[in-house]
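Coordinate analysis (summary)
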Protein chains: 4
Amino acid sequence: MKNTFGNSVSLTIFGESHGPAVGAVLDGLAPGIAVDEAFIARQLELRRPFGKISTGRCEADPFEILSGVFEGRTTGTPLCIVIPNKDTKSRDYEATRALARPGHADYTAHVKYHGFEDYRGGGHFSGRVTAALVAAGAVALSALRENGILVGTHVARCGGAADRDFGDLREDLARLNEARFAVLDEAKGREMQAAIEAAAAQGDSLGGVLETAVAGLPAGVGEPWFDSLESMLAHALFSIPAVKGVEFGAGFAMAEGPGSRWNDPFCLEDGEIRTRSNHNGGINGGVSNGMPLLFRCAVKPTPSIYKEQDTVDFLAGTEAKLRLEGRHDPAVVHRARVVADSVTALVLCDALALRYGTDWPGGLAR
Amino acid sequence: MKNTFGNSVSLTIFGESHGPAVGAVLDGLAPGIAVDEAFIARQLELRRPFGKISTGRCEADPFEILSGVFEGRTTGTPLCIVIPNKDTKSRDYEATRALARPGHADYTAHVKYHGFEDYRGGGHFSGRVTAALVAAGAVALSALRENGILVGTHVARCGGAADRDFGDLREDLARLNEARFAVLDEAKGREMQAAIEAAAAQGDSLGGVLETAVAGLPAGVGEPWFDSLESMLAHALFSIPAVKGVEFGAGFAMAEGPGSRWNDPFCLEDGEIRTRSNHNGGINGGVSNGMPLLFRCAVKPTPSIYKEQDTVDFLAGTEAKLRLEGRHDPAVVHRARVVADSVTALVLCDALALRYGTDWPGGLAR
Amino acid sequence: MKNTFGNSVSLTIFGESHGPAVGAVLDGLAPGIAVDEAFIARQLELRRPFGKISTGRCEADPFEILSGVFEGRTTGTPLCIVIPNKDTKSRDYEATRALARPGHADYTAHVKYHGFEDYRGGGHFSGRVTAALVAAGAVALSALRENGILVGTHVARCGGAADRDFGDLREDLARLNEARFAVLDEAKGREMQAAIEAAAAQGDSLGGVLETAVAGLPAGVGEPWFDSLESMLAHALFSIPAVKGVEFGAGFAMAEGPGSRWNDPFCLEDGEIRTRSNHNGGINGGVSNGMPLLFRCAVKPTPSIYKEQDTVDFLAGTEAKLRLEGRHDPAVVHRARVVADSVTALVLCDALALRYGTDWPGGLAR
Amino acid sequence: MKNTFGNSVSLTIFGESHGPAVGAVLDGLAPGIAVDEAFIARQLELRRPFGKISTGRCEADPFEILSGVFEGRTTGTPLCIVIPNKDTKSRDYEATRALARPGHADYTAHVKYHGFEDYRGGGHFSGRVTAALVAAGAVALSALRENGILVGTHVARCGGAADRDFGDLREDLARLNEARFAVLDEAKGREMQAAIEAAAAQGDSLGGVLETAVAGLPAGVGEPWFDSLESMLAHALFSIPAVKGVEFGAGFAMAEGPGSRWNDPFCLEDGEIRTRSNHNGGINGGVSNGMPLLFRCAVKPTPSIYKEQDTVDFLAGTEAKLRLEGRHDPAVVHRARVVADSVTALVLCDALALRYGTDWPGGLAR
């Protein structure tokens, strides 16, 4: 199903950049989860553009919960969140409708939808739709947190600067979840923001690498083969626009060097089975092993740049020059981190519900 | 669904390393596809260990098609292929049953299945199950080829050596599909094999990077968001044991450098819309753009090494030393490439059937 | 997935009787289908209570399309329709919250959702949610009609009266789709309405049998076994509250009498293969045979009656008496017919998209 | 997915009547369920033709479990059961290949599969495939029984005779599960068999009504709307060839008479919440209410009759006469009951696993 993902807990998303609203339907989550509207608003806030390093389009993202919540808690029935679109300037896009923006989905949307696509601002392909992921993800993150499972993401690399690795994981995750620009080393974060500003000054853009960690996931969650945690997480992560790579644990580095380096020896810590290293990112055979989940996403630079680009006019069938106007982010990697947290939480809630039943979480905590 | 993947065209896999058989049920493929048993056998042959660089376990992989083929062609109903297990030495594994092999799924399987797992040779987690993927994938590859779509994979990096990039794509793919050790530059292939042999001599193992290309996929295939080509392909690729990273186009490299470098400018070639570069790997917004698909998988070194390793005895609850015996590959990356081709073909057949209907392929070719 | 149904074309529903809104997300329908808001409103009107034979709750059912429509046509991306709840009297329900209404889902909802359910007016179990099915179904019905496929339902039996059988099918379907109380024989319809009024006068309720026909479905649509047209249609029809039976063609009557009576002999009509009778309801082996689809649903009487009933107080754990107040329909069968049309259309659009691809319909008509 | 059904517990079926084998892959069932091969054989035996009232084709149905069982118990990974076809007389069918048998899927298969279908004995549409449902269903039935849930079906009506209603349910179910011809009143069973023999003597066939009951299902299982127990069960039941109607509880009878008659008043029995009557068949709002599940299937007469029938030759495009030869059952209703038990068990295992997690059953019983 195209815009629905998940098995026992599933998410359906809808909306276009310049239509009335974007939104999501979160189904199958246990009843009784406290729905914290302030936390949803905070997560949406973290997704929004800010400061000099983001687009001028800046909506307050008010949202409305249409169903699935009663007296402040989930009912167990579908929870629909709608986020109206307000600050849209549709005229920016009409003139250049048939000039396929390189790196964007204008051309592929046109081929796929035969010209009936809503082409304004990328339509349904717009990053705007990730606001729906974030709103629904906030509820999933709350469900995890109630059960002692923490998720967090930092900008591990951007503009030549590299953040430090995770240390005390729960402390680092708590800090990241408060941060506006999510880095563990704030000096590195300032370097990254400076690099983004420099790219913006040249009408260009930057990407980066996001690293996500999950603390507290019990061992035994996930499936071998097609519903492996890696498969399910990667499926959801690659749904985030601009993500072009996903790796777990040491990832591509494991393609080099001998097996003796990358195997994670098992040991006992306070009687619990752990591994000394975590090169496999907390997953063996698709199933969680009780260590933190660890994975990274490559986020490409925003394709919307102000430099003149070669393209085609796909209606006229001619080559053309494109010079974008309007408001565009010089980077989205720092905004995408809350999207990564959100889809991670959705996948984990699904995997946990499959393993522990539809009453999870809650059967555990309440 | 755990061992089933796909929407209109789906695959279900089953089997354990030391059980009676592994196999697959391929459902939803169009009727009328010629089923070439010699090609299936050839693909299984490419997956099998060979030479000094592979395990001594070497089965001829006879297979039996139990359903779905009539008079040499697919019927359109489920095609079940079974590959019996013959050359199994179960005693190798029993003694070390509770000694979790680092990097393997012994421990996670034990937690997940509460001790009821078939622990011999990795059971259902064994790479042996990929024979079923390859057998079913051969039929999917035939379906694609009948419609002018070619898939192929080479070992892009292994043991410090890097293969050359793709050149004339159709020619390169045809060559790779004949090759025993799939490289475009045979001298590099010899380097890689020497490196694997050297690792084996030290009781160690190597990984590598696989690069897959697809020629001939029309534009407009795939969906935005959850059923994006990237999501669906990554989902299937991460189901392959030992794959720990997947990237599309320039992938993680796009996290560096400016947008102006990574955007692929559109142009006209013989009246067709193309892009000058292909940093996005043939996919924009989750939908194919008519350029070749291009993606890479990081394959970790075989975790089965002969060096002594620290581990735990998870039944006794004690720390322990593990020294593996038996037959183990010093590398699987060169064998995994035919698995990558197979799951790629399955995902594409599904995406094409969704777009063009259950008669695809065939409506086009016949 | 619990509130999502369909494969290539899917529907997700949400909402509670007394929450902010009910709604639906229709995904996967082809781009370019004209979206006729007047027709949606008309369908919602047909679902609404009317006259003496329905509840006093009478909302105008304004709806809002949040996504998936651009310049009056479907875009091919998810179409979200929201229908706000306005005329709710929540206080009617609170006092009797723990008094399980016989025939309703109060008790099962309480067990399933552990007391977190929105119990007002049946919450997510309320027939109110069918408004969402009807709104989305209207778009699916339009898509079918554009391709010459007509769907319609009449009240075949109610209160001891039986409507006549279908005659000239397209003419009858067109008439039904205009009718307020859908019968082919208006005298019979008056008898039925009189019977409903008589039941209402006694504080009681009535059910009935709905018969649905589909004209114009080509042969070859549907699958054997689990995705048979019968399986998919019955799945969706049994989702309609109060439906307790579904039969295709002659249905339960076929359990009696010999095979020679119920087989449908094939013949040629103007060179087309047809069957002389249609006891199998247009389906052989799960696949359409080119004859009209024909099936019936048993709709039970509204369980909300004004007579005193025995029940339990499931919070107090005591037996109790229940006397309902508030507004309740003495029958829903005549309102449910437009729901039956709607889910039928959704299932057929899915089956047609699977067979003919995501461009169906439109590839055919445009 | 066409030949796969279920969410957390799923079944995939394959095979043709005259191909090498039929079979099934059962995935997602909990680890540790005892797999009783004698019980599987017994269930297959109950499905087989017997005595004068069945076809002469009579195979011993040896089966082979290829995966998913280790040391006599389920491993939790996919369980593949294969049942080879042996007693096939393919020549019976070839001559009449293009003469569409009325009531069969020959013509629809031809349209759907464009002539590539295996037309021998109905191919994949053959009732032979139900042997795979029965073999897999036997494992599901065992899983339920281990947890105190009993399933059983009787021939409620056939040839003008009607069996008695269920009395002491667990006793009746135990008896049915031992019976060769499943009735509660053996005198009625003899009447039914005599009626079948009489129809056979005239070259004709009979259908009947099956009634299934389930004892021991806890309240709170199932979902509102699309995954209602009624929707899921009906989906699976309509996959059984020849089933043309399904009704729950009082079913079509509820379409008549007032609501006050059909509501099931709640009461307390030994402190447990029960209903005095069970007209709703143990389901309210799609969710189990703790009462026995009760439903009926209408099974049409075998369409294979020996009387001359009108048909068409769909290759020649001419009208034709058809006189069947070969071996055909004069009734399948008595054989289909074990198929009804099987699909019921599969659906319930899925619903229970969704509610209680993948360890169900076992978490409860072990």
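First things first, this report covers the structure right here in the doc. (Residues numbered from 1 in each chain as written. Chains lettered and ligands numbered in written order. Predicted model: local features only at pLDDT ≥ 70, side-chain atom pairs only at ≥ 80, totals over all residues.)

Remarks on the relation of the copies chain A and chain D
Formally: Here the copies are superposed with least squares, the fitted atoms being C-alpha atoms of residues at a pLDDT of at least 70 in both. Contact between two residues is assigned when their C-beta atoms, built from the backbone, lie within 7 Å.
Placing chain A over chain D gives an RMSD of 0.0 Å and needs a rotation angle of 180°, together with 0.0 Å of translation along the axis. Put plainly, the chains are arranged around a two-fold axis. Closest approach to the rotation axis among the C-alpha atoms of chain A is made by Gly357(A), whose C-alpha sits 1.9 Å away. A shared binding surface is used by both copies, with 100% of the interface residues of chain A retained as interface residues in chain D.

Examining the sheet that holds strand β16 (residues 293-299) of chain A
Defined as follows: For two strands to be treated as a pair, DSSP must find at least two bridges joining them. Runs of E in the DSSP output that reach at least two residues are strands. Runs of H or I that reach at least four are helices, and both are numbered from the N terminus. To define axes, lines are fitted to C-alpha atoms, for helices over the stretch in contact only, and angles between the resulting N-to-C directions are given on a 0 to 180 degree scale.
Pairing within the open sheet is antiparallel, and its ten strands lie in the order β9(A)-β8(A)-β10(A)-β16(A)-β11(A)-β11(B)-β16(B)-β10(B)-β8(B)-β9(B). The outermost strands of the open sheet, each flanked by one partner alone, are β9 (161-162) of chain A together with β9 (161-162) of chain B. In this sheet, strand β10 (residues 208-215) of chain B lies alongside strand β8 (residues 150-158) of chain B in antiparallel orientation, the contact comprising seven bridges. By the bridge assignment for β10(B), Arg157(B) is matched with Val209(B). Of the strands in this sheet, β8 (150-158) and β10 (208-215) of chain A touch helix α5 (residues 169-178) of chain A, which is tilted by about 75° from β8(A). Helix α9 (residues 333-356) of chain A rests against β8, β10 and β16 of chain A of the sheet, and its axis sits at about 145° to β8(A).

Considerations on the packing of helix α7 (residues 229-237) of chain C against helix α9 (residues 333-356) of chain C
Residue and element names in this part refer to chain C. Let me state the cut-off plainly: When an angle is under 35 degrees it counts as roughly parallel; over 145 it counts as roughly antiparallel; between 65 and 115 it counts as roughly perpendicular; any other value is oblique. Handedness of a crossing is defined here by the sense of rotation of the near helix relative to the far one, left-handed for an anticlockwise turn of less than a right angle and right-handed for a clockwise turn.
Running from amino to carboxyl end, α7 crosses α9 at an angle of 140°, the nearest separation of the two axes being 9 Å. Taken as axis vectors, α7 and α9 run oblique relative to one another. Judged by the sense of rotation from one axis to the other, the crossing of α7 with α9 is right-handed. Contacts between α7 and α9 involve Leu229, Met232, Leu233, Ala236 and Leu237 from the first element and Ala340, Val343, Thr344, Leu346, Val347 and Ala351 from the second.

Thoughts on the interface of chain B and chain A
Here is the rule: Only Asp, Glu, Lys and Arg are considered charged in this grouping, and only Ala, Val, Leu, Ile, Met, Phe, Trp, Tyr, Cys and Pro are considered nonpolar; every other residue, Gly among them, is considered polar.
Counting from both sides, the interface comprises 80 residues of chain B and, opposite them, 80 residues of chain A. When its residues are assigned to classes, the side of chain B that touches chain A shows 38 nonpolar, 28 polar and 14 charged.

Some remarks on the relation of the copies chain B and chain A
Rotating chain B by 180° and translating it 0.0 Å along the rotation axis places it on chain A, where the RMSD comes to 0.0 Å. In this assembly the copies share their binding face: 100% of the residues contributing to the interface of chain B also contribute to that of chain A.

Concerning the pairing of β8(B)
Residue and element names in this part refer to chain B. Operational definition: Counting other C-beta atoms within 10 Å of a residue's own tells you its class, since 20 or more makes it buried, 12 or fewer makes it exposed, and anything in between is partly exposed; those C-beta atoms are placed from the backbone.
Most of β8 sits inside the fold, with nine of its nine residues counted as buried. Both β8 and β9 contribute to a ladder of two bridges, which runs antiparallel. Within the sheet, the bridge partner assigned to Arg157 lies in β9 and is Ala162. Here β8 folds back onto β9 in antiparallel fashion, the turn holding two residues, of which Gly159 has a positive phi close to 55°.

Focus: the environment of Cys158(B)
Relative to the helices and strands, Cys158(B) resides in strand β8. In the structure, Cys158(B) is positioned 176 residues away from His334(B) in sequence and 9.2 Å away in space, judged by C-alpha atoms.

Remarks on unusual backbone geometry
Peptide bonds are trans in most cases, and residues, glycine excluded, mostly fall at negative phi. Residue and element names in this part refer to chain D. Even without a glycine there, the phi angle at Trp225 is positive, about 60°. With a phi close to 85°, Ala242 is a non-glycine residue in the positive phi region. Checked against the element boundaries, Ala242 lands in the loop between α7 (229-237) and β11 (243-248). Judged by the 22 C-beta atoms lying within 10 Å of it, Ala242 falls in the buried class.

Describing the interface of chain A and chain D
Counting residues at the interface gives seven residues for chain A, matched by seven residues for chain D. For the side of chain A that touches chain D, a count of residues per class yields two nonpolar, four polar and one charged.

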